[in-house]
Amino acid sequence: METRIAELRWKEVVGIRDGSRFGYVDDLEVDVDSGQVRALVVPGRRRLFGLLGREADRYIPWSAVRRFGEDIILVEDAPQLRERRRHK
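Residues numbered from 1 in each chain as written. Predicted model: local features only at pLDDT ≥ 70, side-chain atom pairs only at ≥ 80, totals over all residues. Heavy atoms only, no water.

Asker: Honestly, the overall build of the protein in this entry has me stumped. Any pointers?
Answerer: Counting its secondary structure elements, the protein contains 1 helix and 8 strands. Buried residues in the protein amount to 30% of all 88 residues. Considering only contacts in the protein between residues 6 or more positions apart, those separated by 24 or more positions represent 33%. Approximately 6800 Å² of the protein is accessible, and the part contributed by carbon and sulfur atoms is 49%. (Helix = DSSP H or I, 4+ residues; strand = E, 2+ residues; numbered from the N terminus. Buried < 20%, exposed > 50% of the residue type's maximum accessible area, 1.4 Å probe, protein only. Contact = heavy atoms within 4.5 Å. Areas by Shrake-Rupley, 256 points an atom, 1.4 Å probe, with all protein chains shown as cover.)

Asker: What exactly am I supposed to notice about the sheet that holds strand 2 (residues 21-24) here?
Answerer: Spatially, the 4 strands line up as an open sheet ordered 2-1-7-6, and their pairing is mixed. On the outer flanks of this sheet lie strand 2 and strand 6 (65-68), each paired with one strand and no other. Averaged over neighbouring strand pairs, the angle between their axes works out to 25° when direction is ignored. Examined bridge by bridge, strand 1 (residues 12-15) and strand 7 (residues 72-75) share 4 bridges and lie parallel to one another. Paired with Val-14 across the bridge in strand 7 is Leu-74. (Pairing = 2+ DSSP bridges. Axes fitted to C-alpha atoms, helices over the stretch in contact; angles between N-to-C directions.)

Asker: What am I meant to see in the environment of Ser-63 here?
Answerer: With respect to the helices and strands, Ser-63 occurs in the loop between strand 5 (57-61) and strand 6. Ser-63 sits 14 residues away from Asp-77 along the chain, and the two C-alpha atoms are 9.2 Å apart.

Asker: Just to check I follow, could you spell out the nonpolar core for this structure?
Answerer: Taken as a class, soluble globular proteins show a tendency for nonpolar side chains to be buried jointly. One finds Leu-8, Val-13, Phe-22, Val-25, Leu-28, Leu-40, Val-42, Ile-60, Ala-64, Val-65, Ile-73 and Val-75 forming the largest nonpolar core, which totals 12 residues. Among the elements of the structure, strand 4 (36-42) and strand 7 are those that each provide at least two residues to this core. Leaving out residues up to four positions away in the same chain, Val-25 has contacts with Leu-8, Arg-9, Lys-11, Val-13, Leu-40, Val-41, Val-42 and Ile-73. (Core = buried A, V, L, I, M, F, W, Y, C linked by side-chain atoms within 4.5 Å.)

Asker: I keep staring at the pattern of salt bridges and nothing clicks. Help me out?
Answerer: Two side chains carrying opposite charge are able to pair once their charged atoms lie near each other. Applying the stated criterion across every chain, the model contains 5 salt bridges. The salt bridge involving Arg-38 is made with Asp-31; its shortest N-O contact spans 3.7 Å. (Salt bridge = Lys/Arg side-chain N within 4 Å of Asp/Glu carboxyl O.)

Asker: Explain the packing of aromatic side chains to me, please; I cannot follow it from the model alone.
Answerer: Each pair of aromatic rings is reported with the distance of its centres and the angle of its planes. Tallied over the full model, the rule gives 1 aromatic pair. Residues Trp-62 and Phe-68 carry aromatic rings whose centres are separated by 5.8 Å and whose planes lie at 40° to one another, so their mutual orientation is tilted. Taking the relative accessible area as the measure of exposure, Phe-68 reaches 26% and is therefore partly exposed. (Phe/Tyr/Trp six-rings, centres within 6.5 Å; stacked < 30°, edge-to-face > 60°.)

Below, the structure is given as structure tokens:
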């Protein structure tokens, strides 16, 4: 199965162990020196319809990705929560 980076935005990230749904891929973290993907980034949930901002983004290490499906990505470990770095 082939997939493009743009198509990842339409795939939902789901945990294998308990079936928890983390959300949809928003971005990738890439090591520009080696060209390898480090992590999938899933945006944090909105608080009170976005009026109170968002929760921290979830970073799923590439090593935790187990399988790509037509509409989901199965991951093994719980994602790490981190604030997204804003570039100027």
